[in-house]
Amino acid sequence: MEQKKILIITYYWPPAGGPGVQRWLKFAKYLPDFGWKPIIYTPENPSYPLLDETLMKDIPENIEMVRTKIWEPYQLAEKLNKSNKKFKAGQFDVGKNQSWKSKLSIWVRGNFFIPDARVFWVKPSVTFLEKYLKENKIDTIVTSGPPHSLHLIGLGLKNKMPDLKWVADFRDPWTEISYYKHLKLTKSSDKKHRQLESAVFKNADITLATSYTDAENFRKAGANAFCITNGFDESDSSKKAVENKNSQIEKAFTLSYIGVLEQLRNPENLWKALDELVKENAEFAADFKLKFVGRIDDKVLHSIENSSLKNHILNLGYLAHGKAVEEMQNSDMLLITNFPNEASKGIIPGKIFEYLASGKQILSFGPDKADVAKILEETQAGKHFSYQDTENIKKFILEKYELWKNDSLIENTQHIERFSRKNLTQQLTEVLK
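A few points on the structure. None of these values were measured; they are calculated from a predicted model.

### Notes on the overall build of the protein
(1) Moving on: Helix and strand content of the protein: 15 helices and 13 strands.
(2) Moving on: Considering the protein as a whole, with its 433 residues, one finds that 58% of them fall into the buried category.

As structure tokens, this is what we get:
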């Protein structure tokens, strides 16, 4: 039986690193098992904030790649202010950390590049793909955002080809994401963002969300929305990593954060709780290690280094994905953070699923009644806290520390099968029918 073709329009593709690349990389890996042939459309000359060559191994053999050139203004932004490099990863300085250059750059980013700085790829892509889709008899496309400008490619193609089946995949929300309110938008810019978002919701045949709350919100906004979460790939989650423990942390009670930590998701109450534990409990202080794997904002790191935690930090920097998974295995607890406001309760950071696959206890921060809290309760894999709590955090950490001391901190991987990448791909193909 001939496979059905599906064109996946994505900005992030190996050698890009970080969580944004993995969702459709993994879908593309397993789609052929369910009768679909994925074709990837991606920029020829992208400007990635992170690189991870090891992800190349997951690209399916002989997958068809289609590339065209893109122009992006990030080089100009970085000349204005070096900290603008953060924009590529959706980060920027906030509050007291903002200089006048940061404020100007954020204002320009929010008001001149709508919805984002990859918008200059939209028109040439629509022109190119309209011809490509017809010549290759492809009737199903996926646009993956952010960058949400890629959804405008889908919108443009849908307007020209009404019979085209279009799936708009939102790895993160558009106007409901926490940093949206920090973009210093004028009323007219805000209106334009919202009009474009609404047009995508109403014209896409299927809208995918990565969380239950986002899917519900998208449906309320007029989208035919379904939730397919991110997940873990069993081939990435081998327990072999435990054999390669870092000698520096082998005997330490290790709390690890894996990924990018920016100012808007900084759990200051956790640092306060840990600072107090180190001061109050000499035994805990002797055993404790705080490990970072990834890119931690320099201002966040600086604040931690100016506390009693300074001598407990192991900062390994960005590591290839496979090495990062090893460091998860070489930990006792894993930290995950979300934006603190209620509008972000639907965000489920992709790394939580690899955290689940590791079997380690998970310490989570974010708004009350978050989707992450629901997953942790269902899998009994950890506990979720608000950004105002401190005493209960200390109790939870000490409880796990006592179990660790007695060699009783057991791993738990129950009830996580539905989050495997292969099972999630099967869910996707059922939605595509």
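There's more to say after this.
### Things to note about the packing of aromatic side chains
(1) Moving on: Applying the stated criterion across every chain yields a total of 23 aromatic pairs.
(2) Moving on: Centre to centre, the rings of Phe253 and Trp404 are 5.6 Å apart; their planes meet at 55 degrees, and the pair counts as tilted. Taken together, the residues Phe253 in strand β8 (residues 253-258) and Trp404 in helix α14 (residues 391-405) connect sequence positions 151 residues apart.
(3) Moving on: Each ring, one from Phe365 and one from Phe385, has its centre 6.1 Å from the other, and the planes form 35 degrees; the classification is tilted. With Phe365 in strand β12 (residues 361-365) and Phe385 in strand β13 (residues 382-385), the pair connects residues that are 20 residues apart, well separated along the chain.
(4) Moving on: Of note, Arg118 hangs over the ring of Tyr11, and the distance from its end group to the ring centre comes to 4.1 Å.
(5) Moving on: For the cation-ring pair, Arg265 lies above Phe339, with the distance from its terminal atom to the ring centre recorded as 6.0 Å.

### What to know about the side chain of Thr140
(1) Moving on: With respect to the helices and strands, Thr140 occurs in strand β4 (residues 140-145).
(2) Moving on: Aside from chain neighbours lying at most four places away, what touches Thr140 is Lys5, Ile6, Leu7, Trp36, Leu164, Lys165 and Leu432.

### Quick word on the sheet that holds β13
(1) Moving on: Taken in spatial order, the six strands of this open sheet run β10-β9-β8-β11-β12-β13, and their pairing is parallel. Edge positions in the sheet fall to β10 (313-317) and β13, since each has one partner strand and no second. Each strand axis lies, on average, 20 degrees off the axis of its neighbour in the sheet, ignoring direction.
(2) Moving on: Where strand β9 (residues 288-293) lies against β10, four bridges are found, and the strand directions are parallel. Along β10, the bridge assignment pairs Val293 with Gly317.
(3) Moving on: Packed on one face of the sheet, helix α12 (residues 351-358) meets β8, β11 (333-337) and β12 and runs near 165 degrees to β11.

### Observations regarding the pattern of salt bridges
(1) Moving on: On inspection of all chains with the given rule, the structure shows 25 salt bridges.
(2) Moving on: Here Glu64 ties to Lys37 by a salt bridge, and the two come within 3.7 Å at their closest N and O atoms. Highlighted residues: Glu64 in strand β3 (residues 64-68) and Lys37 in strand β2 (residues 36-43), separated in sequence by 27 residues.
(3) Moving on: Beyond isolated ion pairs, a larger network of salt bridges with shared partners links Lys26, Lys29, Lys57, Asp58 and Asp233.

### Describing the sheet that holds β2
(1) Moving on: Across the sheet, which stays open at both edges, the seven strands sit in the order β3-β2-β1-β4-β5-β6-β7 with parallel pairing between neighbours. Sheet topology places β3 and β7 (225-227) at the edges, where each strand pairs with a single neighbour. Going across the sheet, the axis of each strand differs from the next one's by a mean of 25 degrees, ignoring polarity.
(2) Moving on: Bridge analysis of strand β1 (residues 4-9) against β2 gives six bridges, and the strand direction is parallel. What sits directly across from Ile6, in β2, is Pro38.
(3) Moving on: In this fold helix α15 (residues 421-432) packs onto β1, β2, β4, β5 (165-170), β6 (206-209) and β7, with an angle of close to 160 degrees to the strand it touches most, β6.

### Notes on the environment of Gln361
(1) Moving on: With respect to the helices and strands, the residue Gln361 is situated in strand β12.
(2) Moving on: The exposure class assigned to Gln361 is buried, which follows from its relative accessible area of 9%.
(3) Moving on: In this structure, the C-alpha to C-alpha distance between Gln361 and Ala381, residues 20 residues apart in sequence, is 5.6 Å.
(4) Moving on: Separated by 3.5 Å, the side chains of Gln361 and Lys400 make a polar contact.

### Looking at the side chain of Lys394
(1) Moving on: In this fold, Lys394 is placed in helix α14.
(2) Moving on: Residue Lys394 is classed as buried on the basis of its relative accessible area of 8%.
(3) Moving on: At 3.2 Å, the side chain of Lys394 forms a polar contact with the side chain of Glu280.

What counts and how
- Residues numbered from 1 in each chain as written.
- Predicted model: local features only at pLDDT ≥ 70, side-chain atom pairs only at ≥ 80, totals over all residues.
- Heavy atoms only, no water.
- Helix = DSSP H or I, 4+ residues; strand = E, 2+ residues; numbered from the N terminus.
- Buried < 20%, exposed > 50% of the residue type's maximum accessible area, 1.4 Å probe, protein only.
- Phe/Tyr/Trp six-rings, centres within 6.5 Å; stacked < 30°, edge-to-face > 60°.
- Lys NZ or Arg CZ within 6 Å of the ring centre and 35° of its normal.
- Contact = heavy atoms within 4.5 Å.
- Pairing = 2+ DSSP bridges.
- Axes fitted to C-alpha atoms, helices over the stretch in contact; angles between N-to-C directions.
- Salt bridge = Lys/Arg side-chain N within 4 Å of Asp/Glu carboxyl O.
- Polar contact = N/O pair within 3.5 Å; in protein donor to acceptor, adjacent residues only side chain to side chain.

Interpretation in functional terms is not warranted from these geometric data alone.
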